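If you want the building blocks of each chain, they are given just below.
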Amino acid sequence: MRRPIVAGNWKMNGTRSEAATLISGIVAGVNSVNTAEIVVCPPFTLISVVADALAGSGIGYGAQNLNVHDVGAFTGEVSGPMLRDLGCTYVIVGHSERRALYGESDDLVADKFRAAQQHGLVPILCVGETLDQREKHQTEKVIIRQLDAVVDTVGIEGFNKAVIAYEPIWAIGTGMTATPEQAQEVHRFIREKLSGLDRNIATNLRLQYGGSVKGANARGLLDQPDIDGGLIGGASLQADEFLNICRAA
Ligand code: PEP
C-alpha cells in the first residue's frame, strides 16, 4: 500500500515572515488531512524558519536542490550534509527549471540523486517532457532517458528510497494541467518500465504528478491508480489551497 505524498515546491518565494505565516497556516490545518504525507520544500534561506514551525507537526521538509559535493570551494552551493544538518528529509532533484535554466544534464541529476541518498535524503526525482516533445510523440523516449541515467548511476535499488514526480513541462505554472488520463498513462508507463527491472520496487515506489495542480483539479488526478500524490508549485504558496490538495490525496 503506497501512502500518498504531497510536496510543496515554494521555488524562490518568501521572506522569513511570509514563510512563518504560510507554514503556520499549513500546520493549523494539518489535522484535517487524514491520509497523505505532507512535505514542504522552501528556499534554502527559509528552511530553518520552517523547521522550527514544523516541530511535532508530522509534516516533513526538504530542499529544492543540492550540490553533488559535500564541502569545498563551490561558491553559492549547498550540499547534502548541510541539508541533513538542517533536518531535511527530502530534496527535489532534476526539476525542469533546473534542467532548462541551469543546464542540469541527466547525468548531473543522477549524481545529485546519488549524493542525496548518500546523506540519507530522499530524492524527489522530476521527469517530464516539453510540449514539443509530446507533440512529436517523444514523451516515453524522454522519460526513459531521464530514468535510465539514474538507474545507470545508482541501480534500480536506488528507487527503494525515492519518489518520482512526473511533471510535463508544458503544465508547470501554465494553468494547463494534464488530464487525469494523460497523467495516468505516463505514470503507468513509468511504473511498468521500472517493474521490468524490479517488480517489488516499482510496486512500492510513489509517483507524484506535478503541473498546475489546484484544489479544484486535484481529486481527478490523485484518484488515478498510479498517481500517489502531487508536487505542487504555485498552489503550495496558499495554505488553504495546499491543504485542499492534501485532503484530496
Ligand atoms: C512545479 O514547479 O513543480 C510545479 C508543479 O509548479 P505548478 O504547480 O505551479 O505548475
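Residues numbered from 1 in each chain as written. Predicted model: local features only at pLDDT ≥ 70, side-chain atom pairs only at ≥ 80, totals over all residues. Heavy atoms only, no water.

Q: Can you lay out the sheet that holds strand β3 (residues 60–63) for me, pointing to particular residues and giving the numbers?
A: Pairing is parallel around the closed barrel formed by 8 strands, whose spatial order is β1-β2-β3-β4-β5-β6-β7-β8. Put simply, the sheet's adjacent strands are angled 25 degrees from each other on average, direction ignored. Bridging between strand β5 (residues 122–127) and strand β6 (residues 163–166) involves 4 bridges; their strand directions are parallel. Considered in β6, the bridge of Val127 is made with Tyr166. Contacting β2 (37–41) and β3, helix α2 (residues 47–54) runs over the sheet at an angle of about 170 degrees to β3. Along the sheet, helix α11 (residues 239–248) contacts β1 (5–9), β2 and β8 (229–232); its crossing angle with β1, the most-contacted strand, is approximately 160 degrees. (Pairing = 2+ DSSP bridges. Helix = DSSP H or I, 4+ residues; strand = E, 2+ residues; numbered from the N terminus. Axes fitted to C-alpha atoms, helices over the stretch in contact; angles between N-to-C directions. Contact = heavy atoms within 4.5 Å.)

Q: Hey, could you go over the site of the ligand for me, with residue numbers and the actual values?
A: Residues in contact with the ligand amount to 14 residues; listed here are only the nearest, Lys11, His95, Glu167, Gly173 and Ser212. The contact in question runs from an oxygen atom of the ligand to an N or O atom on the side chain of Glu167, over 2.7 Å. One nitrogen or oxygen atom from the main chain of Gly233 is found 2.8 Å from an oxygen atom belonging to the ligand. Within the complex, 95% of the 290 Å² of free accessible area of the ligand lies under protein. With respect to the detected pockets, the ligand is housed in the second largest pocket. (Near = heavy atom within 4 Å. Polar contact = N/O pair within 3.5 Å; in protein donor to acceptor, adjacent residues only side chain to side chain. Areas by Shrake-Rupley, 256 points an atom, 1.4 Å probe, with all protein chains shown as cover. 1 Å grid on protein atoms, 1.4 Å probe; cavity = no way out; pocket = protein on both sides within 12 Å on 5 of 7 lines; lining within 4 Å. Sits in = over half its atoms within 2 Å of the grid points.)

Q: Before we move on, can you summarise the layout of surface pockets with the specific residues and values?
A: Taken as a whole, the largest pocket encloses approximately 550 Å³ of empty space. If you go around the largest pocket, you meet 18 residues; those closest to its centre are Lys11, Met12, Gln64, Arg98 and Tyr102. In terms of residues, the lining of the largest pocket owes the most to one element, helix α4 (residues 96–101), which gives 3 residues. Of the residues belonging to the lining of the largest pocket, the class tally is 8 nonpolar, 6 polar and 4 charged. (Points joined across faces, edges and corners; volume = space filled by probe spheres on them. Nonpolar A, V, L, I, M, F, W, Y, C, P; charged D, E, K, R; others polar.)

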